[in-house]
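Spelled out, the chains give:
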Amino acid sequence: MIYLDNSATTKPDPSVLKSFDQVSSNFFANPSSIHQFGGETEQLLVRTRKQVAEILKVDKDEVVFTSGGTEGNNTAIKGIALEHQNRGKHIITSEIEHPSVLEACHGLEMLGFNITYLPVNQDGIISLQDLEHAIREDTILISIMHVNNEIGSIQPIKEVGNIAKQHPKLFLHVDDVQGLGKVPLTLRDSGIDLCSFSGHKINGLKGTGILYVNKHTKLFPLLHGGGQEQSLRSGTENIAGAVAMARALRLMKEREVQGIKKLYDLQKNLRNALLKITGVKMNTPETAAPHIVNFSMPGVKPEVIIHMLGEREIFISTKSACSSKQKDESMVLAACGFNGKRSASGFRVSMSYDTTAEEISHFIEALKKAIQQFKEVME
Ligand SMILES: Cc1ncc(COP(=O)(O)O)c(C=O)c1O
């Protein structure tokens, strides 16, 4: 199998699975229980939170364990909106956010909030000038993703943070689900108040994640109950999940420097090989994150090619359908200004630290064959 759909999810690392298994079996007590076993489990959670805080270079009280990116994004956006609505009801985001941000914003619109969706240029990047112009007296939140999940474009988060710092009354949330381990991001003193991460994108487990909540940031919790996770997420803690998340994060950190360098090399070769294929249009900008390559082949049906590749056990993806004007058009590609044909024929190849040069060349050969086959059928 050649798995090139790592932006959708990654294969769990065996040591992550082992940690989850061991903690589930050996530390199953409820950390809120006052007996010794509960206390031991609570201590494990405290240690795990401290480890994560050290890796992210934040305070341990700023780490909230979540079920993943969707929960982190919803908790941050709705939490700020509900807590600070008396000060204002205006939120700024971009047109190319993940649905867990866009749909949270649409939901808030139904509750009377006003959302500005910043456009992007052809490289999938917002304009800082547009952002500055969009800030109003009643703006309470800016929510901008770090790395786009379809094309890999990187937003200028450092500069966005500097703008946010000039407006101390508003909060800045960053969706770093795709950036983690691929494009380093500093949290401390960056102007970022909230940042979402997901375990299953970094060889961790589904249902695990982290929301960084700066200690000066007050949120209205989505889940009320026993007051776990600094009262931001009540419910008996998933300690095995938290330990698995910490393990995945540590493994990622150990491999990050070499891993990123390798990904850039693979990405360069992949881009060059794709551009040699007649009809291929590159959608991923040169300045993008190293793990994603998105390209279009106008006139070719992505589902058919993906099916043909799948028969050879090569797995890539297409991002289309959801919430676009045209059913099969990618909303992100359309937002970049690409025409309907190009936006409807997007392919996404996404790599991990484990992807090899051989896998990439096998994929290219198989893709060429699939295109040939497609053309023969269409003639
Ligand atoms: C940019 C981005 N944000 C959020 C999410 C949602 O993360 P999760 O699947 O952990 O809920 C994803 C997942 O694809 C993503 O790519």
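Note: the structure precedes this text.
What comes next is a walk through the structure. If you're wondering where the values come from, they're calculated on a predicted model, not measured in any experiment.

This part takes up the overall build of the chain. Along the backbone of the chain there are 11 helices and 12 strands. Its C-alpha radius of gyration of 21 Å places the chain within 12% of the 21 Å reference for a compact globule of 379 residues. Along the first, second and third principal axes, the C-alpha set of the chain runs to 70 × 50 × 35 Å. Considering the chain as a whole, with its 379 residues, one finds that 56% of them fall into the buried category. Of the contacts made within the chain by residues no fewer than 6 positions apart, 71% connect residues no fewer than 24 positions apart. Carbon and sulfur atoms make up 52% of the accessible area of the chain, which amounts to about 17,000 Å² in all. Where the 42 positive side-chain charges of the chain centre and where its 43 negative ones centre are 2 Å apart.

A separate point is the pattern of salt bridges. Applying the stated criterion across every chain, the model contains 15 salt bridges. R49 is the partner of E229 in a salt bridge, and the nearest nitrogen-oxygen pair spans 2.9 Å. Pair noted here: E229 is in the loop between β8 (209–213) and α7 (239–275) and R49 is in helix α2 (residues 36–56), with a separation of 180 residues, a long-range link. No difference in accessibility class separates E229 from R49, as the two residues are buried. One salt bridge connects K368 with E365, and the closest N-O pair in it is separated by 3.5 Å.

A few words on the sheet that holds strand β3 (residues 90–94). The mixed open sheet is built from 7 strands, whose spatial order is β2-β8-β7-β6-β5-β3-β4. The open sheet has two free edges, formed respectively by β2 (63–66) and β4 (114–118), since each of these has just one partner strand. Recorded for the sheet is a direction-independent mean angle of 20 degrees between the axes of neighbouring strands. Those strands touched by α2 are β2, β7 (194–198) and β8, and its axis lies near 110 degrees from that of β2.

What follows is about the site of the ligand. Taken together, 14 residues lie near the ligand, and T70, D175, Q178, S198 and K201 sit nearest. S198 places a polar side-chain atom, nitrogen or oxygen, 2.6 Å from an oxygen atom of the ligand. Between the ligand and the protein, one listed contact pairs an oxygen atom with a side-chain N or O atom of K201 at 2.6 Å. For the ligand, the protein covers 87% of the area, taking 390 Å² as the surface of the free molecule. Ranked by the residues each element gives to the shell around the ligand, the list is headed by helix α3 (residues 69–84), at 3 residues.

Before going further, it helps to examine the nonpolar core. The tendency in soluble globular proteins is for nonpolar side chains to be buried as a group. Counting 89 residues, the largest nonpolar core has L274, F295, I305, F363 and L367 as the members making the most contacts within it. Counting residues per element, this core draws most heavily on α7, at 16 residues. Of the residues that make up this core, three or more belong to each of domain 1 (2–8 + 259–378) and domain 2 (14–251). Every residue in contact with F295, bar those within four places of it in the chain, is listed here: L274, V280, K281, M282, N283, S345, G346, F347, V349, F363 and L367. In terms of nonpolar packing, the next biggest core, distinct from the first, is built from 20 residues, V64, A104, V213 and L219 among them.

Analysis parameters
- Residues numbered from 1 in each chain as written.
- Predicted model: local features only at pLDDT ≥ 70, side-chain atom pairs only at ≥ 80, totals over all residues.
- Heavy atoms only, no water.
- Helix = DSSP H or I, 4+ residues; strand = E, 2+ residues; numbered from the N terminus.
- Rg over C-alpha atoms; globule rule 2.2 N^0.38 Å.
- Buried < 20%, exposed > 50% of the residue type's maximum accessible area, 1.4 Å probe, protein only.
- Contact = heavy atoms within 4.5 Å.
- Areas by Shrake-Rupley, 256 points an atom, 1.4 Å probe, with all protein chains shown as cover.
- Lys, Arg positive; Asp, Glu negative; His and termini not counted.
- Charge placed at Lys NZ, Arg CZ, Asp CG, Glu CD.
- Salt bridge = Lys/Arg side-chain N within 4 Å of Asp/Glu carboxyl O.
- Pairing = 2+ DSSP bridges.
- Axes fitted to C-alpha atoms, helices over the stretch in contact; angles between N-to-C directions.
- Near = heavy atom within 4 Å.
- Polar contact = N/O pair within 3.5 Å; in protein donor to acceptor, adjacent residues only side chain to side chain.
- Core = buried A, V, L, I, M, F, W, Y, C linked by side-chain atoms within 4.5 Å.
- Domains from an automatic or database assignment.

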